[in-house]
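A structural walkthrough
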Amino acid sequence: MAGPCEVLLPATELSSARELGEVAAAEAWRIEKKYSRYRQDSVLAWIHAQQGSTVRLDEETASLIDFAQQCFVISEGLFDITSGILRRAWKFDGSDRLPDVATVQNLLPLIGFDKVRWRNPFLTVPDGMELDLGGIGKEYAVDKAYDQLMARCPAPFLVNFGGDLRASRPLPNGPWKVGIERPDTVQTAAMILEVEYGALATSGDAHRFLLKDGVRFGHVLDPRTGWPVPDAPRSVTVAASSCTEAGLLSTLAMLKGARAQQFLQEQAVRYWLLR
Amino acid sequence: MQLGPDPSSVRRRLIAASCALLSSSAARGEQGSVTDKIGRMVEDWKIQSALAYYREDGRIQAIEPVISAVRDLSDGGRLTLNFTFDSLSGSSPNGALPNHNPQTFASPSARSLAAARHLYTVAPGRLPVDPNYSDARVAGGVDWTLPLSRLTRLSVGGKFSYEDDFYSATANAGVEHDFNDKNTTVSLSVSSENDFLQPIGGAPTPRSDYALFEKGGHETKRGQGLLLGLTQVMTRNWLSEVNLSLDRFSGYLTDPYKLVSVIDGAGDPVGYVYENRPDSRTRRSVYLENRVGWTRASAGLALRYMTDTWGIHSDTAQLRLRWWNAGRDQYFEPSVRWYRQSAADFYRPWIAPNAAQETYLSADSRLAAFHALTYGLKYGIKLTDRLGGFGRGGTEFNVRLEYYQQTIQNGPAAPGALQGLDLYPSLKAVLLQIGFDY
């Protein structure tokens, strides 16, 4: 999680607000430490170190893997937490340096959640494959921090981790006002949404792309081909009752490429899409 | 990539999966209530309208409806249109001094003192005013802002104003750029104005004898302006702004209807002359404003210092405070404004006979040294929930009341017979404005 994270509270005392902020922060850091692919002490690093041996997962990690598997099935293979190794081929730095076809091809045998053996709580990840929870980690952290605060805070509050947010209930004199920045370089005006309760998650980022010969390659990769999904929207924001659900829907919409809008309409969710 | 037979089953299965993951917190099956009251953002106009009634004690009264519409464009730009109609009537001072004897003047439309229906007589001791003053003005403007890049915006605009005897057209253009995570904004703008005057009865020869009725045709004047601005977000609650501006006007800057009394040593008027102002004026001003805002209140302090080549320099200070009620749907906004200016070099409440060396002169009290205080109170109430769905976020009704009092600094003591007369009467005026924003 590299974006700014905040908790908004209409609390009257600084000490209680700080305490609640620290509770949310502690939960966010706990999740980050446990599931970051960049940390040597994370659960994922431990799983990868087993090099193909079966491991027994703790309850929380097991439920995350359950969820990832269900998403893999629901999305018919588009959402795949084993596709993280494609970052070895793709560097989305705004340049025109596309990877060569062979590099990408060589990674494909190491991708595919169907190759992972999962029978709760026992997980076997074949040697050479990797799991990456980046696609759901932040939204999950919002929901977990939300749960922590729900148990301690009777007042309305809003948890916002870098744009993925969830509100418990409206403020005394009206809804929360949330500004969504548009990713386009030209548009400066933000959209203002009024949120009473519920979650918002946004997929898409204008700064992570490659541009070659006038064709823009977004950073959302199709795990079956190893290449970016063609015609992916620039940004999708979805409203749902939990941040995890909103996050998955926005990710799935991005993966649908040209059919993103149709997909979101079929799901009957509130969404905002920018091309 | 085909989905299963029931497309929305994706969502239901996703809800079930996230419920399982999050156990307690995803218990609510509904999607939450996220509304986008972004009517203003997407192809929609925000309208502000007001009706103002202005009255100067014993003098002018004006009724002015104003309407403006703002639309945010999908490229992040903005379009603003506004339209004003002014209707003025009442009495306007003609520049002459009061006297112990009655004085008779001709309205601007008169061609000589012989045409009786165009004359008016001023009672002894009263400030000479033209009682038939009436004017209707129509004005409008357009302003368009378009983003050149994420941090830079270009604006272009134009205004026009039309009255019986005066047309004006202005064009302006400006550039704004943000720095420091948009905490600092720098702006530069230029404007150019062209005015065409066709005084009723014709423009009189400046400085000429009133009784000769030497009147010509039309006149023109021009203005150019340059504005440099800097806005800085100081803290989360505090915004500061400073502007430097330079304006230059040239052409016919005289008021074609104003006179200067010619008073002899005994204090009797021996005649009147039309005023005459220089044909150029350069004005520099510095403006500083600070605004702070909290949850239930906000305050703003604005200061301006202005100096020009006519010898006028002025200071303005304005303080505004706004208080919201607990429900944050109503506010009160008291304000106070203090203004002081020095007289123009050529301001002359009257002149002596044979004062031929004075080319430029004017008795217009707006060029005199004076100070003024304005007290104001505004009340606003948000109507969004009160109109049963008609109102959108931002629908507001407001009322403003202002009281203006101007005191002219006493000039030189009047000779002889004019002593005992109030040559520099103070001005009081009231403004009532009712507004509706949608």
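Residues numbered from 1 in each chain as written. Chains lettered and ligands numbered in written order. Predicted model: local features only at pLDDT ≥ 70, side-chain atom pairs only at ≥ 80, totals over all residues.

Glancing now at the overall build of chain A. When its secondary structure is counted, chain A shows seven helices and 12 strands. Out of the 275 residues in chain A, the part that is buried amounts to 40%. Summarising the internal contacts of chain A: among those between residues at least 6 apart in sequence, 64% fall at separations of at least 24. (Helix = DSSP H or I, 4+ residues; strand = E, 2+ residues; numbered from the N terminus. Buried ≥ 20, exposed ≤ 12 C-beta atoms within 10 Å, placed from the backbone. Contact = placed C-beta atoms within 7 Å.)

Now for the overall build of chain B. Counting secondary structure elements, chain B contains one helix and 22 strands. The burial tally for chain B puts 15% of its 438 residues in the buried class.

Bringing the sheet that holds strand 19 (residues 350–351) of chain B into the picture now. For sheets, the rule is that strands pair by backbone hydrogen bonds, running either parallel or antiparallel. Residue and element names in this part refer to chain B. A sheet is described by the order of its strands in space; here three strands give the open sequence 14-13-19, paired in mixed fashion. Of all strands in the sheet, those bounded by a partner on one side alone are strand 14 (269–274) and strand 19. The pairing of strand 13 (residues 259–263) with strand 14 spans five bridges and is antiparallel. What sits directly across from Ser261, in strand 14, is Tyr272. (Pairing = 2+ DSSP bridges.)

What follows covers the pairing of strand 12 (residues 238–251) of chain B. Each regular strand displays side chains that alternate between the two surfaces of the sheet. All names here are of chain B. Bridge count between strand 11 (residues 219–235) and strand 12: 14 bridges; the pairing is antiparallel. Within strand 12, the position partnered with Gln224 by the bridge is Arg248. Here strand 11 hands over to strand 12 after two residues, the two strands then running antiparallel side by side. As judged from the 13 bridges shared by strand 12 and strand 15 (residues 280–293), these two strands associate in the antiparallel manner. Bridge assignment links Val242 to a residue of strand 15, and that residue is Leu288.

Before going further, it helps to spend a moment on helix 6 (residues 243–255) of chain A. Residues and elements named next belong to chain A. Counted at 1.5 Å a residue, the expected span for helix 6 with its 13 residues is 18 Å, and the 18 Å between its end C-alpha atoms agrees. The element helix 6 is largely enclosed, with a buried count of 13 among its 13 residues. Within two residues after helix 6, Gly257 carries a phi angle of roughly 60°, on the positive side. (Expected span 1.5 Å × (residues − 1).)

This part takes up the packing of helix 3 (residues 59–74) of chain A against helix 1 (residues 9–22) of chain B. To describe two helices that pack against each other, one gives the angle between their axes and the distance between the axes. Closest axis-to-axis distance for the helix 3 of chain A/helix 1 of chain B pair is 9 Å, and the angle between their directions is 175°. Taken together, the axes of helix 3 of chain A and helix 1 of chain B lie roughly antiparallel to each other. Here Ser63, Leu64, Asp66, Phe67, Gln70, Cys71 and Ile74 of chain A of helix 3 of chain A come into contact with helix 1 of chain B, specifically with Val10, Arg13, Leu14, Ala17, Ala20 and Leu21 of chain B. When grouped by side-chain class, the residues that make up the contact of helix 3 of chain A with helix 1 of chain B number nine nonpolar, two polar and two charged. (Axes fitted to C-alpha atoms, helices over the stretch in contact; angles between N-to-C directions. Parallel < 35°, antiparallel > 145°, perpendicular 65-115°, else oblique. Nonpolar A, V, L, I, M, F, W, Y, C, P; charged D, E, K, R; others polar.)

Residues and elements named next belong to chain A. Within strand 11 (residues 235–240), six of the six residues are buried, which leaves the element mostly enclosed by the surrounding structure. Burial of strand 11 is two-sided: the residues Ser235, Thr237 and Ala239 facing one way and the residues Val236, Val238 and Ala240 facing the other way are all buried. As paired elements, strand 11 and strand 12 (residues 270–274) share five bridges and run antiparallel to each other. In the sheet register, Val236 faces strand 12, and the bridge partner there is Leu273.

Attention now moves to the packing of helix 1 (residues 14–35) of chain A against helix 5 (residues 134–152) of chain A. Residue and element names in this part refer to chain A. Running from N to C, helix 1 and helix 5 cross one another at 145°; their axes reach a closest spacing of 9 Å. In this structure, helix 1 crosses over helix 5, and the sense of that crossing is right-handed. Together, Leu20, Val23, Ala24, Glu27, Ala28, Ile31 and Tyr35 of helix 1 and Gly137, Tyr140, Ala141, Lys144, Ala145, Gln148, Leu149 and Arg152 of helix 5 make up the contact between the two elements. Considered class by class, the residues forming the contact of helix 1 with helix 5 number 10 nonpolar, two polar and three charged. (Left-handed = near helix turned anticlockwise from the far one by under 90°.)

This brings us to the confidence of the model for chain B. Residues and elements named next belong to chain B. Per-residue confidence for chain B gives a mean pLDDT of 85; residues scoring 70 or more make up 89%. Looking at the elements of chain B, mean pLDDT is at its lowest for strand 1 (residues 33–35), recorded as 50, and at its highest for strand 18 (residues 330–341), recorded as 96. Counted against residues more than four places away or in other chains, residues 1–5, with its pLDDT under 50, gives four contacts. Confidence drops under pLDDT 50 across residues 24–31; counting only partners more than four residues distant or on other chains, this segment forms 21 contacts. Both scores are available for the predicted complex, with the pTM at 0.61 and the ipTM at 0.83. (pLDDT = per-residue confidence, 0-100.)

Of all hydrophobic cores here, the largest spans 76 residues; its most connected members are Val142, Val159, Ala199, Val238, Ala246 and Leu249 of chain A. Top contributing element to this core by residue count: helix 6 of chain A, with eight residues. If we skip the residues at most four places from it in the chain, Leu249 of chain A touches Val238, Ala240, Gln267 and Val269 of chain A together with Leu14 of chain B. (Core = buried A, V, L, I, M, F, W, Y, C linked by C-beta atoms within 7 Å.)

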